[in-house]
Amino acid sequence: ADCRYTCHQECRSLIQLDCRRPGPWQSQLSPESTLLPPCSQNVTQTVEEEKPEPPTVQEIKQKIEKYNAKVTNCLLMKLNDDGTYTGFIKVHLKLRRPVTVPAGIRPQSIYDALKEVNLAEMTDKRTSFYLPLDAIKQLHISSTTTVSEVIQGLLKKFMVVDNPQKFALFKEMRKDGQVLFQKLPLTEYPLYLRLLAGPDTDVLSFVLKENETGEVEWDAFSIPELQNFLMILDKEEKDKIQQVHRKYERFKQRLQETLKEARGKPG
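Conventions and cut-offs
- The residue numbers shown here count from 1 along each chain, following its written sequence.
- Confidence filtering applies because this is a predicted model: local features only for residues at pLDDT of at least 70, side-chain atom pairs given and counted only at 80 or more, and all residues used for totals across whole chains, interfaces and linings.
- Note that water and hydrogens are dropped before the side-chain values are worked out from all heavy atoms of the structure.
- UniProt positions are given in the numbering used here, feature names are shortened, and annotations may be inferred rather than shown by experiment.
- Helix numbers and strand numbers start at the N terminus; a helix is a DSSP run of H or I with at least 4 residues, a strand a run of E with at least 2.
- Polar contact is the term for a pair of N or O atoms within 3.5 Å; when the atoms are in protein, one must be able to donate a hydrogen and the other to accept it, and sequence-neighboring residues count only if both atoms are side-chain atoms.
- Buried means the residue's accessible area, taken with a 1.4 Å probe over protein chains only, is under 20% of the maximum for its type, while exposed means over 50%, and partly exposed covers the values in between.
- When DSSP locates at least two bridges between a pair of strands, those strands are taken to pair.
- A patch consists of residues whose relative accessible area exceeds 30% and which take part in no salt bridge; residues with like charges are grouped when within 9 Å of each other, and nonpolar side chains (Val, Leu, Ile, Met, Phe, Trp, Tyr) when within 5 Å.
- Throughout, the Shrake-Rupley method with a 1.4 Å probe supplies accessible areas, and for residues the shown protein chains are the sole cover considered.
- Each reported salt bridge corresponds to a side-chain nitrogen of Lys or Arg within 4 Å of a carboxyl oxygen of Asp or Glu.
- For the purpose of charge, His is not counted, nor are the chain termini; Lys and Arg are scored as positive and Asp and Glu as negative.
- Taken as the charge location is NZ of Lys, CZ of Arg, CG of Asp or CD of Glu.
- How far a helix is expected to stretch is found by multiplying one less than its residue total by 1.5 Å.
- Throughout, the arc means the angular range of directions from the helix axis out to the C-beta atoms.
- Any pair of residues with heavy atoms lying within 4.5 Å of one another is described as a contacting pair.
- Only Phe, Tyr and Trp rings are paired, with Trp represented by its six-membered ring, and only when their centres lie within 6.5 Å; those with planes under 30 degrees apart are stacked, over 60 edge-to-face, the remainder tilted.
- As a reminder, the over-ring test applies to NZ of lysine and CZ of arginine, requiring each to be within 6 Å of the ring centre and within 35 degrees of the ring normal.
- Buriedness of a pocket was judged along seven lines, with at least five required to meet protein on both sides within 12 Å; pockets are open sets of points on a 1 Å grid over the protein atoms alone, cavities are sets where a 1.4 Å probe fits but cannot get out, and lining residues have an atom within 4 Å of a point.
- Grid points are joined across faces, edges and corners, and a volume is the space filled by probe spheres set on the points.
- Residue polarity follows a fixed list, in which Ala, Val, Leu, Ile, Met, Phe, Trp, Tyr, Cys and Pro are nonpolar, Asp, Glu, Lys and Arg are charged, and the others, Gly among them, are polar.

Taking an unreviewed UniProt entry as the reference, the protein is identified by name as Ras association domain-containing protein 5 belonging to Mohoua ochrocephala. Quoted verbatim from the Subcellular location (unreviewed entry) field of UniProt, the annotation for the protein is "Cytoplasm, Cytoskeleton".

What follows concerns the environment of N163. Tracing the sequence through the fold places N163 in the loop between α3 (147–157) and β6 (167–175). Separated by 2.9 Å, the side chain of N163 and the backbone nitrogen of Q165 make a polar contact.

On to the environment of V150. You can see V150 is positioned in helix α3. Taking the relative accessible area as the measure of exposure, V150 reaches 2% and is therefore buried. Sequence spacing of V150 and L169 is 19 residues, and the spatial spacing of their C-alpha atoms is 8.3 Å.

Our focus in this paragraph is the pairing of β6. Judged from the seven bridges that link them, β6 and strand β8 (residues 204–210) form a sheet pairing that is antiparallel. Bridge pairing links F170 to V207 in β8. By the bridge criterion, six bridges tie β6 to strand β7 (residues 178–183) in an arrangement that is antiparallel. Considered in β7, the bridge of E172 is made with F181. Between β6 and the antiparallel strand that follows it, β7, lie two residues; D176 among them carries a positive phi value of about 55 degrees.

Before going further, it helps to spend a moment on a positive patch on the surface. A contiguous patch of positive charge, built from K240, R246, K247, R250 and R254, is present on the exposed surface. By secondary structure assignment, the location of R254 is in helix α5 (residues 223–263).

A cluster of nonpolar side chains, namely V244, Y248, F251 and L255, defines an oily patch on the protein surface of about 390 Å² accessible area. Residue V244 is classed as partly exposed on the basis of its relative accessible area, which comes to 40%.

Over its 14 residues, helix α1 (residues 57–70) runs 20 Å from end to end, which matches the ideal 20 Å to within 8%, given 1.5 Å per residue. Where α1 is concerned, the buried positions are I60, I64 and Y67. Projected onto a plane normal to the axis of α1, the buried residues spread over an arc of 65 degrees and lie on a single side. Those residues of α1 that are exposed and angled more than 90 degrees off the buried face are K66 and A69. For α1, the elements touching its buried residues are β1 (78–79), β2 (85–93) and α4 (190–197).

The relation between two aromatic rings is expressed through the spacing of the ring centres and the mutual angle of the planes. In the structure shown here, the tally under the stated rule is zero aromatic pairs. Lying across the ring of F181, K209 places its NZ or CZ 4.5 Å from the centre.

Taking a probe equal in size to a water molecule and rolling it over the atoms shows the remaining empty space. In total, this model carries one cavity of 30 Å³ or more according to the counting rule given. In this structure, the largest cavity encloses a volume near 30 Å³. Lining the largest cavity are L93, L95, V99, L131, L154, L155, F158, V160, F167 and L208. Per-class residue counts for the lining of the largest cavity are 10 nonpolar, no polar and no charged.

Overall, the coordinates contain five salt bridges when judged by the stated rule. Note that E172 and R174 form a salt bridge whose closest N and O atoms lie 3.2 Å from each other. Two residues, D239 and K235, come together in a salt bridge whose shortest N-O distance is 3.1 Å. Of this pair, D239 and K235 both sit in helix α5, separated by four residues, roughly a single helical turn. Three or more residues joined by partner-sharing salt bridges are found here, namely K94, E172 and R174.

Following this line, the structure appears as structure tokens:
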């Protein structure tokens, strides 16, 4: 009441008040004399959130049957004997910055995929380029596959050697005509979210984006990566300049043709 210190009622036992030093308008006070009486309207009660119980195998089975009934293609979910299940998710790649890949590496063959050969580790040469805007990658995953593993799997498929921490998986939802993005924690299970939402990607879809934590942490990039960024930006700048030159060159030609036609007409 006097020192204007505010805390929750349930936190009172953890607070050490020092109100014995009077101000110019105060008399000698004790900590207890400054406390306001409990008021239910001003007290924030701590409510322990009840974590939902994990679904039973029977509930999962019912959800999978309901999900598969809505599938219009062959991308069905399958329940395993141990209670886990497998299925497909589609991930949209919406990366605005270039990624780092090994230079001069052939595409991964079926043999490499089966043997889990990591071609990116077979060379020290690196180069950077932009992945196709809004490319879509389909993944076959398990109910135990986490967001972290999905990100690592995507980077491996595209032979991206950047640190996985530079990327994040988002879920995209549409509500009331608005598109909402929510960053998923690394321990989340994307296939379970897909199962709950159903197969309609308009209801829920997954997007891989840069892990935006505010300003770009350039210290996280190596010197060759930064040099490649500069080379790409320089190329983009030159391409843009050429586009502007071509645009106004065409405009200039049309003006000259129009003037030539106008001079040939009487009056």
